[in-house]
Amino acid sequence: MTYELPPLPYAKNALAPHLSEETLNFHYEKHHRGYVNKLNQLAAEKPAWAGKSYEELIKTESGVVFNQAAQIWNHTFYWKSLSPNGGGAPTGKVAELINEAFGSFDAFKEKFSAAASGHFGSGWAWLVRDDNNKLQIVSTHDAGNPIKDGHIPVLTCDVWEHAYYIDFRNDRPKYIATWWNLVNWEFANSNLK
Amino acid sequence: VSTQSTGPLHGYHTMFAIARSALRAPVRRTFAASASASVHTLPDLPYDYNALEPHISAEIMTLHHKKHHQTYVTGLNAAEEAYVKAPTPKERIALQAAVKFNGGGHINHSLFWKNLAPTGSPETKLSGGEFKEAIEKAFGSVDAFKKELNTKTAAIQGSGWGWLGYNKATKSLEIVTTANQDPLLSHVPIIGIDIWEHAFYLQYKNVKPDYLNAIWNVLNFKEAAARYKEARSSS
């Protein structure tokens, strides 16, 4: 079995003007595809883990194998966390749970933005559901994934510099502000079923 | 340059001692009842922003120095100021990550600018002498040294730095890496290579090996040799 790069849920220019076609081109074709290629290279040596799902690899592997599997999974989840029809205020279950956990959407937005902007180094900011069914904001370093801690991911924002450098240079807070114009609440709700 | 020997920053004395020699930042004493905090400033680049073209673009150098490094300086000053004012251990501990991140960023980048030199300048030539011999002894050849430094730096999964470091205990040159903006504490820094994406992305995108090959044209071996000599003599 070879690992495959899942298709992008939309055209490469679909998130413009918020995120450029150039960014999506590099981010998807070079970074995301690069992780898939690397995992296949490693799997070709027929180790015991070859053929396992990304979730399994995330939970059981470490080092370079974990990095590739987690980054493949993380990026797939990221593309789905964005939508050309996204943005605005949340509706449905996620809106309810956000109000419960954070008081209001605005309060949540502020906290999530702070977590994403303030994260030191490469990584990801996540909205997750914990095992008390409450929403939490967590950030992970590098390829870190909250599945490993038993959380259920609801949304993610990539804060590796490659995610925003072409469009925003060093201005990560401006990139985070843009992320709110694309956030896919439908996808968030689908993760809460 | 005055150094602190008491107060809440005592534990960071070693790190700041390395920093001070690297930074030569002006230290302003504030005569507060509690410990003094120094005000760090962005060091000038020793060359023009375009001096490393075509290997590292002027755009990258400008953003890297004026935005990224400046942010670490500003962040360090804010973190240190908050740290000395923090009334409890718990609050000081909560600030340590910010001191480490911004302090490390300031140290690392201050070292970095100085271990780079303009394209074609004499400093970029690794000439024969004690340092070159030490490299050949440690790695077999200069090419082998380059390969190992580049390979290990490229292998960092995330943000960090690749270093040629001098191990005082074993008196040897070694390749080490640090994550994020962690300062190199286990070895004396001889050459640092920034592998954060901001260091190369605009020019090299995801192709780290191209950046790592290019930077060898602008490494300041004269500075590296001087650091090596100083590290050896202070062993």
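The coordinates are above.
What counts and how
- Residues numbered from 1 in each chain as written.
- Chains lettered and ligands numbered in written order.
- Predicted model: local features only at pLDDT ≥ 70, side-chain atom pairs only at ≥ 80, totals over all residues.
- Heavy atoms only, no water.
- Helix = DSSP H or I, 4+ residues; strand = E, 2+ residues; numbered from the N terminus.
- Buried < 20%, exposed > 50% of the residue type's maximum accessible area, 1.4 Å probe, protein only.
- Contact = heavy atoms within 4.5 Å.
- Areas by Shrake-Rupley, 256 points an atom, 1.4 Å probe, with all protein chains shown as cover.
- Buried area = accessible area lost by both parts, 1.4 Å probe.
- Salt bridge = Lys/Arg side-chain N within 4 Å of Asp/Glu carboxyl O.
- Polar contact = N/O pair within 3.5 Å; in protein donor to acceptor, adjacent residues only side chain to side chain.
- Nonpolar A, V, L, I, M, F, W, Y, C, P; charged D, E, K, R; others polar.
- Pairing = 2+ DSSP bridges.
- Axes fitted to C-alpha atoms, helices over the stretch in contact; angles between N-to-C directions.
- Lys, Arg positive; Asp, Glu negative; His and termini not counted.

Just give me the short version of the overall build of chain B, but keep the residues and values in it.
In terms of helices and strands, chain B carries 8 helices and 3 strands. If you list the helices and strands of chain B from N to C, you get α-α-α-α-α-β-β-β-α-α-α. With 235 residues in all, chain B has 50% of them scored as buried. When contacts within chain B are restricted to residue pairs at least 6 apart in sequence, long-range pairs at least 24 apart make up 67% of them. For chain B, the computed accessible surface area is about 10,700 Å², with 54% contributed by carbon and sulfur atoms.

Summarise the interface of chain A and chain B; cite the residues concerned and give the values.
The interface is formed by 19 residues belonging to chain A together with 18 residues belonging to chain B. Summing both sides of the interface, chain A and chain B together bury roughly 1,800 Å²; the carbon and sulfur share of this comes to 57%. For chain A, the biggest contributors to the area lost against chain B are Phe120, Glu161 and Tyr165 of chain A; these three give 35% of the whole. If you look at where chain A meets chain B, you find 2 salt bridges. Its salt-bridge partner being Arg169 of chain A, residue Glu59 of chain B comes within 2.9 Å of it at the nearest N-O pair. Across the chain A-chain B interface, the total number found is 7 residue pairs in polar contact (both at pLDDT 80 or more). No other element matches helix 1 (residues 21–43) of chain A, which puts 4 residues into the side of chain A that touches chain B. Residue composition of the side of chain A that touches chain B, by class: 6 nonpolar, 8 polar and 5 charged.

Could you give an account of the environment of Ser104 of chain A, with specific residues and numbers?
All names here are of chain A. Relative to the helices and strands, Ser104 resides in the loop between helix 4 (93–102) and helix 5 (105–118). For the pair Ser104 and Leu192, spaced 88 residues apart in sequence, the C-alpha separation works out to 18 Å. Excluding anything up to four places from it in sequence, Ser104 contacts Ile98 and Asn99.

How would you summarise the sheet that holds strand 1 (residues 160–167) of chain B if you had to cite specific residues and measurements?
Adjacent strands of a sheet form backbone hydrogen bonds with each other and so pair up, either parallel or antiparallel. All names here are of chain B. Pairing in this open sheet of 3 strands is antiparallel, and the strands run 2-1-3 from one edge to the other. Two strands close off the open sheet at either side, each with one partner strand: strand 2 (172–179) and strand 3 (188–194). Across the sheet, the axes of successive neighbouring strands diverge by a mean angle of 25°, strand direction being ignored. Where strand 1 and strand 3 come together, 6 bridges link them in antiparallel fashion. Following the sheet pairing, Gly165 is matched in strand 3 by Pro189.

Give me the pattern of salt bridges: which residues, what numbers.
Residues and elements named next belong to chain A. By the definition in use, this model includes 10 salt bridges over all chains. Note that Arg33 is salt-bridged to Glu29, the shortest N-O span being 2.8 Å. Separated by 4 residues within a single helix, Arg33 and Glu29 lie in helix 1, roughly one turn from each other. Residue class for Arg33 comes out partly exposed when judged on its relative accessible area of 32%. Put simply, Lys12, Glu29 and Arg33 are held in one network by salt bridges that share partners.

Any chance you could break down the side chain of Asp130 of chain A for me, citing the residues and the numbers?
Residue and element names in this part refer to chain A. When you line up the elements, Asp130 lands in the loop between strand 1 (123–129) and strand 2 (135–141). Of the buried charged residues, Asp130 lacks a salt bridge, with Arg129 as the closest side chain of opposite charge at 7.0 Å. There is a polar contact of 2.8 Å between the side chain of Asp130 and the side chain of Gln136. Among residues more than four places away in sequence, those in contact with Asp130 are Gln136 and His151.

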